[in-house]
Amino acid sequence: MDIATVKQAALECFAERGYEGTSLATIAARLGIKKQSLSTYYPTKQDLLFAVFTDVYERRMADIEHDFARDLPTRDLLFAFLDGVRLRYADTPDERFWLRMALFEQVAREERYRTLIYRQLGLLEGFVRSLFPDDPHAGNAFLGVYDSLCVELVFGDAASAQRRLEDSWNVFWRGVTAKGGGDERA
């Protein structure tokens with residue numbers, strides 16, 4: 001058995017059950033090995049979690065860079081990114097794992113996790129800000145749409161996530177394309 005197989009099994013367990021709900025015995029059972037055999041690969045559950053977390057972080061960063069490198073009009077580019085998040089949540093354990101860790105897990109409050117979470121958000125915000133150089137608020141507004149979608153993916157179902165995406169997207173896009181800019185703060 002290779003290390004990639006161990007990390008994949010752990011990713012699936014953490015995505016389904018969370019950190020606290022996943023034991024090394026659960027991961028070992030998924031792999032068909034004894035719990036003690038996992039220590040050959042990772043001495044602690046925390047070590048295994050961080051290895052999985054950094055792998056998912058790297059894949060997410062690559063996904064964001066890929067999504068924003070597409071030659072699409074701004075509206076289509078941003079919506080495609082959001083819709084891609086929705087689809088990846090349904091289809092892969094990476095999105096489910098990432099959102100569970102970022103939103104729920106106490107362990108992700110540790111500095112090494114928070115650093116990666118905010119680095120990913122910074123990359124995303126940087127791409128969005130570059131698309132709206134004359135509107136300094138558009139990046140934060142877009143992150144609000146993204147956050148809203150993420151929360152609905154975790155707490156809702158596929159249909160409610162689709163509605164949340166469409167409704168918040170339409171309001172966001174009307175706001176950033178309104179004449180006179182979008183800064184109408186009181």
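What you see is a predicted model; the values in this text were computed from it and never measured.

How each quantity is defined
- Residues numbered from 1 in each chain as written.
- Predicted model: local features only at pLDDT ≥ 70, side-chain atom pairs only at ≥ 80, totals over all residues.
- Heavy atoms only, no water.
- Helix = DSSP H or I, 4+ residues; strand = E, 2+ residues; numbered from the N terminus.
- Buried < 20%, exposed > 50% of the residue type's maximum accessible area, 1.4 Å probe, protein only.
- Contact = heavy atoms within 4.5 Å.
- Lys, Arg positive; Asp, Glu negative; His and termini not counted.
- Charge placed at Lys NZ, Arg CZ, Asp CG, Glu CD.
- Salt bridge = Lys/Arg side-chain N within 4 Å of Asp/Glu carboxyl O.
- pLDDT = per-residue confidence, 0-100.
- 1 Å grid on protein atoms, 1.4 Å probe; cavity = no way out; pocket = protein on both sides within 12 Å on 5 of 7 lines; lining within 4 Å.
- Points joined across faces, edges and corners; volume = space filled by probe spheres on them.
- Nonpolar A, V, L, I, M, F, W, Y, C, P; charged D, E, K, R; others polar.
- Axes fitted to C-alpha atoms, helices over the stretch in contact; angles between N-to-C directions.
- Parallel < 35°, antiparallel > 145°, perpendicular 65-115°, else oblique.
- Core = buried A, V, L, I, M, F, W, Y, C linked by side-chain atoms within 4.5 Å.

Some points on the overall build of the protein chain
What the protein chain contains, in helices and strands, is nine helices and zero strands. Helices (α) and strands (β) of the protein chain occur, in sequence order from the N terminus, as α-α-α-α-α-α-α-α-α. With respect to the three principal axes, the spread of C-alpha positions in the protein chain is 65 × 35 × 30 Å. Burial status across the protein chain gives 45% buried among its 186 residues. For the protein chain, the proportion of contacts with a sequence separation of at least 24, taken over those separated by at least 6, is 66%. The average position of the 24 basic charges and that of the 29 acidic charges among the side chains of the protein chain differ by 5 Å.

Quick notes on the pattern of salt bridges
A side chain of one charge can pair with a side chain of the opposite charge when the charged atoms of the two come close. All told, the structure shown has 15 salt bridges when counted by the stated rule. Between R59 and D94 there is a salt bridge, with its nearest N and O atoms 2.6 Å apart. Highlighted residues: R59 in helix α4 (residues 45-69) and D94 in helix α6 (residues 93-103), separated in sequence by 35 residues. Residue classification places R59 among the partly exposed positions, given a relative accessible area of 35%. Across the salt bridge formed by R164 and E152, the nearest N and O atoms sit 2.9 Å from each other. With R164 in helix α9 (residues 158-177) and E152 in helix α8 (residues 138-155), the pair connects residues that are twelve residues apart, well separated along the chain.

Comments concerning the confidence of the model for the protein chain
Per-residue confidence for the protein chain gives a mean pLDDT of 92; residues scoring 70 or more make up 96%. In this model residues 182-186 is a low-confidence stretch, pLDDT under 50, and it forms four contacts with partners more than four residues away in sequence or in other chains.

Details of empty space enclosed by the protein
In this structure the tally under the stated criterion is one cavity of 30 Å³ or more. Roughly 40 Å³ of volume is contained in the largest cavity. Lining the largest cavity are R60, D63, I64, F81, V85, R88 and E95. Those elements that place two or more of their residues in the lining of the largest cavity are α4 and α5 (74-91). Here the residues of the lining of the largest cavity sort into three nonpolar, no polar and four charged.

What about the environment of D83?
Along the chain, D83 turns up in helix α5. For D83, a relative accessible area of 18% corresponds to the buried category. With near-sequence residues (within four places) excluded, D83 lies in contact with Q162 and L165.

Focus on the packing of α5 against α6
Interaxial distance between α5 and α6 falls to 5 Å at its minimum, and their mutual angle equals 100 degrees. Relative to α6, α5 is oriented roughly perpendicular. Counting all contacts with α5, which are made through V85, R88, Y89, A90 and D91, the residues of α6 involved are E95, R96 and L99. In the contact of α5 with α6, the residues fall into four nonpolar, no polar and four charged.

Section: the nonpolar core
Core analysis: the biggest nonpolar cluster contains 59 residues, and I27 and F97 have the highest contact counts within it. Elements with a minimum of two residues in this core: α1 (3-17), α2 (24-31), α4, α5, α6, α7 (111-131), α8 and α9. Broken down by element, the residue count for this core peaks at ten residues, all from α4. Leave out the neighbours within four places in its chain, and I27 touches A9, A10, C13, F14, T22, L38 and L48.

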